[in-house]
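Residue strings, one per chain:
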Amino acid sequence: TNWATPVIIKHKDTNQVIVNGRTVRSYKLESGELLWSCPGQTEQAIPTPLVHNGRVFAMSGLRGWACFAISLDAVGLVPENSEFVHWTLKKQT
């Protein structure tokens, strides 16, 4: 469950739709193909993801806290300790 507005961006000639929820996901706009997914957000994510300098910043704060900076170059399943997760914050998000 989430209320976040998806973000559409172009990164390296690929249009991506990024959605925030218990798992942050990026889909290829043209085909709907899943490009990457990063679990670890809390329930009912409301904030829309932000994109800056090749990273997605996704956060949530119900029943816990989570904020992740995820590389737009990510592929496949992206766990919290992945090279594609530049940093995380687990308080007061």
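Rules of the game
Residues numbered from 1 in each chain as written. Predicted model: local features only at pLDDT ≥ 70, side-chain atom pairs only at ≥ 80, totals over all residues. Heavy atoms only, no water. Core = buried A, V, L, I, M, F, W, Y, C linked by side-chain atoms within 4.5 Å. Buried < 20%, exposed > 50% of the residue type's maximum accessible area, 1.4 Å probe, protein only. Helix = DSSP H or I, 4+ residues; strand = E, 2+ residues; numbered from the N terminus. Contact = heavy atoms within 4.5 Å. Phe/Tyr/Trp six-rings, centres within 6.5 Å; stacked < 30°, edge-to-face > 60°. Pairing = 2+ DSSP bridges. Polar contact = N/O pair within 3.5 Å; in protein donor to acceptor, adjacent residues only side chain to side chain. Disulfide = S-S within 2.5 Å. Axes fitted to C-alpha atoms, helices over the stretch in contact; angles between N-to-C directions.

This part takes up the nonpolar core. If you look at the biggest cluster of nonpolar residues, it comprises 16 residues, and the most contacted ones within it are I18, V24, W36, C38, I70, A74 and V78. Mapped onto this core, the elements with two or more residues apiece are β1 (7-11), β4 (34-39), β6 (55-60) and β7 (66-71). It is β7 that provides the largest number of residues to this core, a total of three residues. With residues up to four places along the chain from it excluded, the contact list for I18 reads P6, V7, I9, V24, R25, S26, P49, V51, V56 and L72.

Here we come to the packing of aromatic side chains. Taken as a whole and judged by the stated rule, the model has one aromatic pair. Where F57 meets W87, the ring centres are 5.9 Å apart and the plane angle is 45 degrees; that geometry is what we call tilted. Of this pair, F57 sits in strand β6 while W87 sits in strand β9 (residues 85-89); the two residues are 30 residues apart in sequence, bridging distant segments of the chain. Judged by relative accessible area, W87 falls into the partly exposed class, the value being 37%.

What follows is about the sheet that holds strand β2 (residues 14-19). The strand order across the open sheet formed by five strands is β1-β2-β3-β4-β8, and the pairing between neighbours is mixed. Only two strands of the sheet have a single neighbouring strand rather than two, namely β1 and β8 (76-77).

Attention now moves to the side chain of S60. The topology assignment puts S60 in strand β6. Classification of S60 as buried rests on a relative accessible area of 1%. A polar contact of 3.0 Å, which involves the side chain of S60, links it to the side chain of Q41. At 2.7 Å, the side chain of S60 and the backbone nitrogen of T42 are in polar contact.

Mapped onto the elements, S82 comes out in the loop between β8 and β9. Under the relative-accessibility criterion, S82 is labelled buried at 15%. A polar atom in the side chain of S82 sits 3.0 Å from the backbone nitrogen of F84.

Within this structure, the stated rule accounts for zero disulfides. Just so you know, C38 is unpaired, no disulfide at all, and the nearest cysteine sulfur is the one on C67, 11 Å from it. With relative accessibility at 7%, the residue C67 sits in the buried group.

Reading across the sheet, the four strands line up as β5-β6-β7-β9 and stay open at both edges, with antiparallel pairing between neighbours. Two strands bound the open sheet, and with one partner strand each, they are β5 (50-52) and β9. Strand-to-strand twist in this sheet, taken as the mean axis angle between neighbours without regard to direction, amounts to 15 degrees. Summarising the sheet, β7 and β9 pair through four bridges and their orientation is antiparallel. Looking across to β9, one finds that F68 is bridged to T88.

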